[in-house]
Amino acid sequence: MQHGLLVQVSRSVKLLRCSALFSIAVASTIPMVANATDEQDLFSLSFEDLLNVQVDIASKTSETLSSVPSTMSVFSRKQIQALGVDNAYEVMNFVPGMQSTRGDWVGAVPKDHARGVYLDSGNVLVMINGERVNESSFGKASVYMPYIPIEIIEKIEFIRGPGSALYGSNAFLGVMNIVTSKERNALQLVVGNNGRYGATGQFNTSLSDDTSLFASFSYDQKDGESYLQGVKDPLEALYLEAGVDYKKLKLRARYNETSLDEFLNLAGYSTQNQHTSDNTFVGVKYNWINNDKLKLDSSYSYTKHNISSAGLIAAFDDIPDFLLGPAWQTTDSKFETELSYQFENQWQLAAGIEYAEAKQVEAGGRTNYYDDESMLVIIDPAYYQQGIVTVMDFPEFASLKYTFETYSAYGQLKIPYSEALTLFVGARYDDVKDIDSKLSPRLAGVYVINPEHTVKLQYGESFRTPVTNELFSNDDVTVGNPSLRSESVKTTELVWHYQTSELQANAVLFYNELNDFINIEPTQSNDALFTFTNSFNTQNSGIELDATWQSSKEFTVTGTYTQYFEDPINASFKRFASLVSSYNLSDSWQVSLNLLWRDKVEVSSVTGAHFKQSAYSLLGGSLKWQLNANSQLMLKAENLLGKKYNVFDPRMDNGAVAGTTEDLSLHYQFNF
């Protein structure tokens with residue numbers, strides 16, 4: 001049976017939704033109030049400034065969107081706010097070639113779709129301020145960090161395509177780098193439907209000419225929507241960050257914790273489901289040399305990841321349901337030295353060496369059936385624990401305690417061959433001890449036909465090392481495969497970039513050659529449902545289109561469209577699009593509307609059940625009112641019309657995971 005959403009909208013929610021629609025409709029009739037300062041202007045960046053925004057994630061050299069040797073999308077703080085989203089992963093839905101939906105492992109955890117690949121294994125590298133979030137047990141960042149509040153974000157940069165030539169494993173089909181705010185003094189409060197409330201604070205100061213510091217916090221809580229399956233999707237999320245700059249030394253620390261109970265976990269809907277994850281990051285960076293020709297930095301970072309989860313495995317009529325999940329801890333340590341050098345002939349070199357150690361420290365289990373003597377999970381009333389207990393010495397998970405050691409070196413040359421043609425040549429070598437060694441080359445040519453037209457030809461190779469869950473898992477759901485090899489992809493892209501003072505447009509044709517892809521498949525074993533295999537080699541291709549038009553200072557519209565020429569790997573959207581419009585009604589009012597469109601998905605699940613979701617659209621937006629130079633109100637909406645839909649996941653019996661429902665919130669921000 002196809003699952004839908006049971007939208008139980010209270011009177012207050014109906015009023016909030018009507019308020020959002022009414023406010024957007026009549027905002028233009030509200031008289032103008034006093035002008036805000038440039039710092040708070042809704043459009044403080046001109047369209048030309050946006051076109052020339054500097055990015056270095058894709059090349060380690062400072063480039064614009066027209067000169068960068070990768071396919072990129074960049075979102076500023078104001079653009080993100082206008083989308084009406086709350087979680088950084090949701091911005092993916094406005095990026096050509098990418099989507100973010102729910103998955104079955106923990107249903108409220110975002111699951112990425114990238115260039116026709118819809119898998120659960122971390123094919124997109126997620127970074128915060130250039131530091132990776134992906135870890136070594138599950139691979140994808142969102143399992144341990146499923147919620148990244150947009151209030152603390154200054155900018156998000158996306159590489160669409162390979163990034164392993166600079167960033168190694170997981171930079172496979174894309175990279176998302178989140179740049180957090182460090183120069184703001186602000187407090188924001190939020191209330192919304194489904195029992196939501198929260199607060200965000202940001203603070204920075206200079207203690208002297210040599211010393212500055214910043215700190216940020218964000219807390220978000222909501223009771224969640226009620227679903228047909230008898231569950232809610234509550235959220236509780238905390239984010240803390242602080243940093244100190246002293247002369248040439250930078251110190252950074254970050255902590256986040258997220259709880260996503262109930263809803264869906266390990267393919268089972270249950271009010272008993274539990275999921276809490278946290279991450280602790282500390283880093284230090286020292287600049288040895290910084291002059292017109294040479295820059296040399298060294299850094300060390302340490303990250304600890306914890307997960308405590310339990311999901312419904314089997315439901316019974318006569319005894320309590322059976323739940324199981326991980327109590328895992330992984331750590332990442334990284335030493336890196338990188339340099340950039342500009343030669344007399346204007347060639348630029350970016351290079352670095354790196355040592356990384358990724359270790360699974362704890363591999364415990366959480367269950368409500370356990371025999372202490374045999375140290376086994378036994379589903380029998382005699383071994384029921386009267387609730388979920390944590391067993392740190394869990395024999396079935398003992399093989400997961402593994403250490404990955406990786407030695408890496410990379411280098412890239414930027415060669416201004418002529419006034420019109422710039423070449424980029426680079427490669428990265430990664431030696432993952434006892435697993436695999438990979439060389440990831442990249443080549444790119446950027447040719448400026450005239451000030452309006454630029455064409456790029458790009459080639460890159462990327463890889464993803466299998467993680468401990470794929471190699472060594474051993475539970476009632478999945479069994480690992482120690483013989484797995486690294487996945488690899490070879491990508492060729494042809495890019496046309498067009499820009500004038502009012503219009504920017506991009507067309508990208510890509511072709512991927514995918515090798516040794518790791519996929520989850522049913523197993524014949526009686527001990528588990530699924531295993532992992534290097535199941536196939538294949539090719540896929542497609543076209544990505546995007547354009548931004550600013551017809552006047554007041555009005556901007558951005559559209560994206562993606563079309564794959566082959567069916568996606570695992571059933572997903574073969575076509576999807578977005579449209580975002582922003583209108584500055586006055587110096588104090590801005591209204592933004594966005595529309596997401598996704599193509600139909602129809603497939604038979606591994607159990608033989610038939611899944612079908614027709615094409616659908618999701619409406620969202622925001623309405624911002626600048627009260628004065630220091631404060632503003634914003635009304636934000638996602639899925640404003642409460643569209644009921646499902647997304648496909650192959651591990652669900654019927655293939656269906658309930659999609660998100662309407663999310664309405666009111667935000668007040670005060671700058672000091």
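Residues numbered from 1 in each chain as written. Predicted model: local features only at pLDDT ≥ 70, side-chain atom pairs only at ≥ 80, totals over all residues. Heavy atoms only, no water.

1. Things to note about the overall build of the protein chain
Alright, step 1. Broken down by element type, the protein chain carries 5 helices and 37 strands.
Alright, step 2. Compactness check: the protein chain gives a C-alpha radius of gyration of 25 Å against a globular reference of 26 Å for 672 residues, within 12% of the reference.
Alright, step 3. In terms of its C-alpha atoms, the protein chain occupies a principal-axis envelope of roughly 75 × 60 × 55 Å.
Alright, step 4. Taking all 672 residues of the protein chain together, 56% fall into the buried category.
Alright, step 5. In the protein chain, the proportion of contacts linking residues at least 24 apart, taken out of those at least 6 apart, comes to 63%.
Alright, step 6. With the model as given, the accessible surface of the protein chain reaches about 26800 Å², and the carbon-plus-sulfur share is 55%.
Alright, step 7. Across the protein chain, the 51 positively charged side chains and the 80 negatively charged ones have centroids separated by 5 Å. (Helix = DSSP H or I, 4+ residues; strand = E, 2+ residues; numbered from the N terminus. Rg over C-alpha atoms; globule rule 2.2 N^0.38 Å. Buried < 20%, exposed > 50% of the residue type's maximum accessible area, 1.4 Å probe, protein only. Contact = heavy atoms within 4.5 Å. Areas by Shrake-Rupley, 256 points an atom, 1.4 Å probe, with all protein chains shown as cover. Lys, Arg positive; Asp, Glu negative; His and termini not counted. Charge placed at Lys NZ, Arg CZ, Asp CG, Glu CD.)

2. Quick look at the packing of aromatic side chains
Alright, step 1. Per the counting criterion, the structure on display carries 26 aromatic pairs.
Alright, step 2. Considering the side-chain rings of Tyr-402 and Phe-404, the 5.0 Å spacing of their centres and the 70 degrees angle between planes classify their relative orientation as edge-to-face.
Alright, step 3. On the basis of an interplanar angle of 45 degrees and a centroid distance of 5.2 Å, the ring pair of Tyr-402 and Phe-472 is categorised as tilted. Note that Tyr-402 is positioned in the loop between strand S19 (384-391) and strand S20 (403-416) and Phe-472 in helix H5 (residues 468-472), a separation of 70 residues in sequence. (Phe/Tyr/Trp six-rings, centres within 6.5 Å; stacked < 30°, edge-to-face > 60°.)

3. Quick look at the pattern of salt bridges
Alright, step 1. Applying the stated rule across the entire model yields 29 salt bridges.
Alright, step 2. One salt bridge connects Glu-405 with Lys-433, and the closest N-O pair in it is separated by 3.7 Å. Residue Glu-405 is found in strand S20, and its partner Lys-433 is found in the loop between strand S21 (421-432) and strand S22 (436-448); the two are separated by 28 residues along the sequence.
Alright, step 3. With a relative accessible area of 18%, Glu-405 lands in the buried category. (Salt bridge = Lys/Arg side-chain N within 4 Å of Asp/Glu carboxyl O.)

4. Some remarks on the sheet that holds strand S7 (residues 174-180)
Alright, step 1. Strand order in the open sheet formed by 5 strands is S1-S6-S7-S4-S5, and the pairing between neighbours is mixed. The open sheet is flanked by strand S1 (72-76) and strand S5 (131-132), the only strands paired with a single partner.
Alright, step 2. Relative to S7, strand S4 (residues 124-128) runs parallel, the two being bridged by 5 bridges. Across the sheet, the residue bridging to Met-127 is Asn-177, located in S7. (Pairing = 2+ DSSP bridges.)

5. Regarding empty space enclosed by the protein
Alright, step 1. A full pass over the atoms with the stated rule returns 11 cavities of 30 Å³ or more.
Alright, step 2. Taken as a whole, the largest cavity holds about 760 Å³ of empty space.
Alright, step 3. Lining of the largest cavity is provided by 43 residues; of these, Glu-90, Arg-102, Lys-222, Glu-638 and Thr-660 occupy positions nearest its centre.
Alright, step 4. If you list the elements that add at least two residues to the lining of the largest cavity, you get strand S2 (98-102), strand S10 (211-222), strand S30 (589-598), strand S33 (616-628) and strand S34 (631-638).
Alright, step 5. What the second largest cavity holds in volume is close to 370 Å³.
Alright, step 6. If you go around the second largest cavity, you meet 28 residues; those closest to its centre are Trp-105, Phe-138, Asn-469, Phe-532 and Arg-651.
Alright, step 7. Breaking the lining of the second largest cavity down by element, the ones donating at least two residues are strand S17 (322-342), H5 and strand S26 (503-522). (1 Å grid on protein atoms, 1.4 Å probe; cavity = no way out; pocket = protein on both sides within 12 Å on 5 of 7 lines; lining within 4 Å. Points joined across faces, edges and corners; volume = space filled by probe spheres on them.)

6. Here we look at the environment of Ala-507
Alright, step 1. Mapped onto the elements of the fold, Ala-507 is located in strand S26.
Alright, step 2. Residues Ala-507 and Gly-542, spaced 35 residues apart in sequence, show a C-alpha to C-alpha distance of 11 Å.

7. Concerning unusual backbone geometry
Alright, step 1. Although it is not a glycine, Asn-194 adopts a positive phi angle of roughly 55 degrees.
Alright, step 2. Assignment of secondary structure puts Asn-194 in the loop between strand S8 (186-192) and strand S9 (196-206).
Alright, step 3. Even without glycine at this site, Asp-434 takes up a positive phi of about 65 degrees.
Alright, step 4. Checked against the element boundaries, Asp-434 lands in the loop between S21 and S22.
Alright, step 5. By relative accessible area, which is 67% here, Asp-434 ends up exposed.

8. Let's talk about the confidence of the model for the protein chain
Alright, step 1. Of the residues in the protein chain, 91% have a pLDDT of 70 or more, and the chain-wide mean is 89.
Alright, step 2. When the criterion is pLDDT under 50, residues 1-45 qualifies, and its contacts beyond four places in sequence or with other chains add up to 96 contacts. (pLDDT = per-residue confidence, 0-100.)

9. Some thoughts on the side chain of Asp-663
Alright, step 1. For Asp-663, the position within the fold is in strand S37 (residues 663-671).
Alright, step 2. Contacts of Asp-663, omitting those with residues within four sequence positions, involve Asp-86, Asn-193, Arg-196, Lys-222, Lys-636, Ala-637 and Glu-638.

10. Some words on the environment of His-113
Alright, step 1. Following the sequence through the fold, His-113 ends up in strand S3 (residues 110-114).
Alright, step 2. Here His-113 falls in the buried class, since its relative accessible area comes to 6%.
Alright, step 3. Contact partners of His-113, with chain neighbours within four places excluded, come to Gly-97, Met-98, Gln-99, Ser-100, Thr-101, Tyr-118, Ser-572 and Phe-573.
Alright, step 4. Of the polar contacts made by the side chain of His-113, one reaches the side chain of Ser-572; its length is 2.6 Å. (Polar contact = N/O pair within 3.5 Å; in protein donor to acceptor, adjacent residues only side chain to side chain.)

11. Brief notes about the pairing of S22
Alright, step 1. With 12 bridges connecting them, S21 and S22 associate as antiparallel partners. In the strand pairing of S22, Thr-422 is matched with Val-446.
Alright, step 2. Between the end of S21 and the start of S22, which pair antiparallel, lie 3 residues, with Asp-434 showing a positive phi angle near 65 degrees.
Alright, step 3. Two elements, S22 and strand S23 (residues 453-464), share 7 bridges in a ladder whose sense is antiparallel. Within the sheet, the bridge partner assigned to Ala-444 lies in S23 and is Gln-458.

12. Re the nonpolar core
Alright, step 1. Counting 58 residues, the largest nonpolar core has Ile-148, Ile-153, Ile-156, Phe-158 and Ile-178 as the members making the most contacts within it.
Alright, step 2. Residue contacts for Ile-153: discarding those within four places in its chain leaves Arg-77, Ile-80, Ala-88, Ile-148, Ile-178, Val-179, Thr-180 and Ser-181.
Alright, step 3. Counting 35 residues, the second largest nonpolar core, distinct from the first, contains Val-109, Ile-307, Ala-363 and Ile-520. (Core = buried A, V, L, I, M, F, W, Y, C linked by side-chain atoms within 4.5 Å.)

13. Some points on the side chain of Asn-123
Alright, step 1. Positionally, Asn-123 belongs in the loop between S3 and S4.
Alright, step 2. Taking the relative accessible area as the measure of exposure, Asn-123 reaches 3% and is therefore buried.
Alright, step 3. Contact partners of Asn-123, with chain neighbours within four places excluded, come to Val-117, Asn-170, Phe-172, Leu-173, Gly-174, Arg-464 and Glu-487.

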